[in-house]
Amino acid sequence: MQDTLFRHPDLHMHSRFSDGTDTPAEILAAARAAGLDIFSLTDHDTCDGCSLIRRDLKPGDPAFLNGIEFSCCDEHGRYHILGYGFREGASPVQHIAGITHKARLEKAENRFRYLAALGYTFRQEDIDDVMGRPNPGRPQFAGLLVHYGYMPDLNHAYALLADYPETEYKPRPEEAIARIRDSGGVAVLAHGFFEEGSSLLTDAQMAKRAARLAGDGLEGLEVFYSRYTPDQQAFMLALSRKHHLLATAGSDYHGGNKAVRPGQTGSPEPSVMAPFYETIRDRLVL
């Protein structure tokens, strides 16, 4: 196992196939430049960029693991569920990704109507650019709001977008977990303390969430994350041990859409992540 104890992981990165600014080739270049020894592309609702990275991998490059991220919702709140090492092609993951992709495009159209009703209008070519992306998301809208001078910075733009009343379909977390596992993958809760990247859960809420999702088949927690404080990281590690969940590490890199660097994961101890590496070692592109 020692040969697959990676010391510089980043298992949570986004490309232009969802809401990042980098192409898959640029993600690979960023992984090389950051000195990563293992990385994963986890675009929202699609794994199409993974095949492009696999195509461009060269001897000596970091190990690569295919991934995806689903936005989920239930009566208890919102969740982001990561899937790793699943079968691509005709699989349950691809089936649910097709449904969530369609809902994401519908949400983008509705967001433009919502913003127009508030007086925030955009040129048609900018609307077409957003709608022409594989999986448009909040970063594209936030960028437009700042570019047009409607908002002073991205934080204010995200705060405005947080008030959008969502009505579009989102899978329940147990559904995403089941589809990932049915496809031979590993299901992991992303940035557990941060529901949608902004709202912060309390320790008690996070503990209840971990227990509930573990009962639904969740296999891992993103224990090491770019925005965690040392206390939050320690809390997540304790939860992973309590519920016998795998520990993973991710930056949530989005290129220029977030002030997060590749590999900014909180310096995970390789031995802590060893069970995860053991679980996915046969699915890596080395």
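Structure first, text after, so check above.
Notes on the structure in this doc start here. (Residues numbered from 1 in each chain as written. Predicted model: local features only at pLDDT ≥ 70, side-chain atom pairs only at ≥ 80, totals over all residues. Heavy atoms only, no water.)

**Concerning the sheet that holds strand E3 (residues 63-74)**
The pairing of strands in a sheet comes from backbone hydrogen bonds and takes either a parallel or an antiparallel form.
Here is step 1 of the chain: The seven strands lie next to each other as E1-E2-E3-E4-E5-E6-E7, forming an open sheet whose pairing is mixed. The open sheet has two edge strands, strand E1 (9-13) and strand E7 (246-250), and neither has a second partner. Looking at each pair of strands side by side, their axes are set apart by 35° on average, direction ignored.
Here is step 2 of the chain: When E3 meets strand E4 (residues 77-84), the two strands line up antiparallel, connected through eight bridges. Each residue of the ladder has a partner; that of Asp74, found in E4, is Gly77.
Here is step 3 of the chain: Packing of helix H7 (residues 173-182) onto the sheet brings it into contact with E3, E4 and strand E5 (186-189), and relative to E4 it is tilted by some 5°. (Pairing = 2+ DSSP bridges. Helix = DSSP H or I, 4+ residues; strand = E, 2+ residues; numbered from the N terminus. Axes fitted to C-alpha atoms, helices over the stretch in contact; angles between N-to-C directions. Contact = heavy atoms within 4.5 Å.)

**Thoughts on the side chain of Glu69**
Here is step 1 of the chain: In this fold, Glu69 is placed in strand E3.
Here is step 2 of the chain: Of the side chains with opposite charge, Arg104 comes closest to the buried, unpaired Glu69, at an N-O distance of 7.7 Å.
Here is step 3 of the chain: Here His12 takes part through its side chain, which lies 3.0 Å from a polar atom of the side chain of Glu69.
Here is step 4 of the chain: Every residue in contact with Glu69, bar those within four places of it in the chain, is listed here: His12, His14, Thr42, Asp43, His44, Asp45, His80, Ile81, Leu82, Ala190 and His191. (Buried < 20%, exposed > 50% of the residue type's maximum accessible area, 1.4 Å probe, protein only. Lys, Arg positive; Asp, Glu negative; His and termini not counted. Salt bridge = Lys/Arg side-chain N within 4 Å of Asp/Glu carboxyl O. Polar contact = N/O pair within 3.5 Å; in protein donor to acceptor, adjacent residues only side chain to side chain.)

**Quick look at the side chain of Arg104**
Here is step 1 of the chain: Assignment of secondary structure puts Arg104 in helix H3 (residues 92-117).
Here is step 2 of the chain: Apart from residues no more than four positions distant in its own chain, Arg104 is found in contact with His44, Asp45, Ser71, Asn135, Pro136 and Gly137.

**Focus on the packing of helix H8 (residues 203-215) against helix H9 (residues 230-242)**
Here is step 1 of the chain: In contact at an axis separation of 11 Å, H8 and H9 are set at 30° when each is read in the N-to-C sense. Judged on the interaxial angle alone, H9 and H8 are roughly parallel. For the pair H8 and H9, the sense of crossing is right-handed. Contact residues: Asp203, Met206, Ala207 and Ala210 in H8; Phe235, Met236 and Leu239 in H9.
Here is step 2 of the chain: Class assignment of the residues belonging to the contact of H8 with H9 gives a composition of six nonpolar, no polar and one charged. (Parallel < 35°, antiparallel > 145°, perpendicular 65-115°, else oblique. Left-handed = near helix turned anticlockwise from the far one by under 90°. Nonpolar A, V, L, I, M, F, W, Y, C, P; charged D, E, K, R; others polar.)

**A short note on H9**
Here is step 1 of the chain: Between its first and last C-alpha atoms H9 spans 18 Å; for 13 residues at 1.5 Å apiece the expected length is 18 Å, and the two agree.
Here is step 2 of the chain: Taken together, the buried residues of H9 touch H8, strand E6 (220-225) and helix H10 (270-280).
Here is step 3 of the chain: Trailing H9 by a residue or two, His244 shows a phi angle of about 55°, which is positive. (Expected span 1.5 Å × (residues − 1).)

**Topic: H3**
Here is step 1 of the chain: Over its 26 residues, H3 runs 38 Å from end to end, which matches the ideal 38 Å to within 8%, given 1.5 Å per residue.
Here is step 2 of the chain: Once H3 finishes, Gly119 follows within two positions and takes phi at roughly 95°, a positive value.

**A look at the environment of Ser91**
Here is step 1 of the chain: Structurally, the position occupied by Ser91 is in the loop between E4 and H3.
Here is step 2 of the chain: Assessed through its relative accessible area of 7%, Ser91 is described here as buried.

**Thoughts on the pattern of salt bridges**
Here is step 1 of the chain: Throughout the structure, instances matching the rule amount to 17 salt bridges.
Here is step 2 of the chain: Residue Lys170 pairs with Glu166 through a salt bridge whose shortest N-O separation is 3.1 Å.
Here is step 3 of the chain: Among the ionic pairs, Glu278 bridges to Arg281, the shortest N-O distance being 3.2 Å.
Here is step 4 of the chain: For Glu278, a relative accessible area of 39% translates into the label partly exposed.
Here is step 5 of the chain: Residue Arg281 is classed as partly exposed on the basis of its relative accessible area of 26%.
Here is step 6 of the chain: Overlapping salt bridges, with partners in common, bring together Arg78, Lys107, Glu166 and Lys170 in one network.

**Points about the packing of aromatic side chains**
Here is step 1 of the chain: This structure, assessed with the given rule, holds 16 aromatic pairs.
Here is step 2 of the chain: Between Phe193 and Tyr228, the aromatic rings sit 5.9 Å apart at their centres with planes inclined by 85°, giving edge-to-face as the arrangement. Residue Phe193 is located in the loop between E5 and H8, and its partner Tyr228 is located in the loop between E6 and H9; the two are separated by 35 residues in the primary sequence. In this structure, Phe193 and Tyr228 share a single accessibility class: buried.
Here is step 3 of the chain: Aromatic pair Phe194 and Tyr225: ring centres 6.3 Å apart, planes at 45°, arrangement tilted. In this pair, Phe194 sits in the loop between E5 and H8 while Tyr225 sits in strand E6, placing the two residues 31 residues apart along the sequence. (Phe/Tyr/Trp six-rings, centres within 6.5 Å; stacked < 30°, edge-to-face > 60°.)

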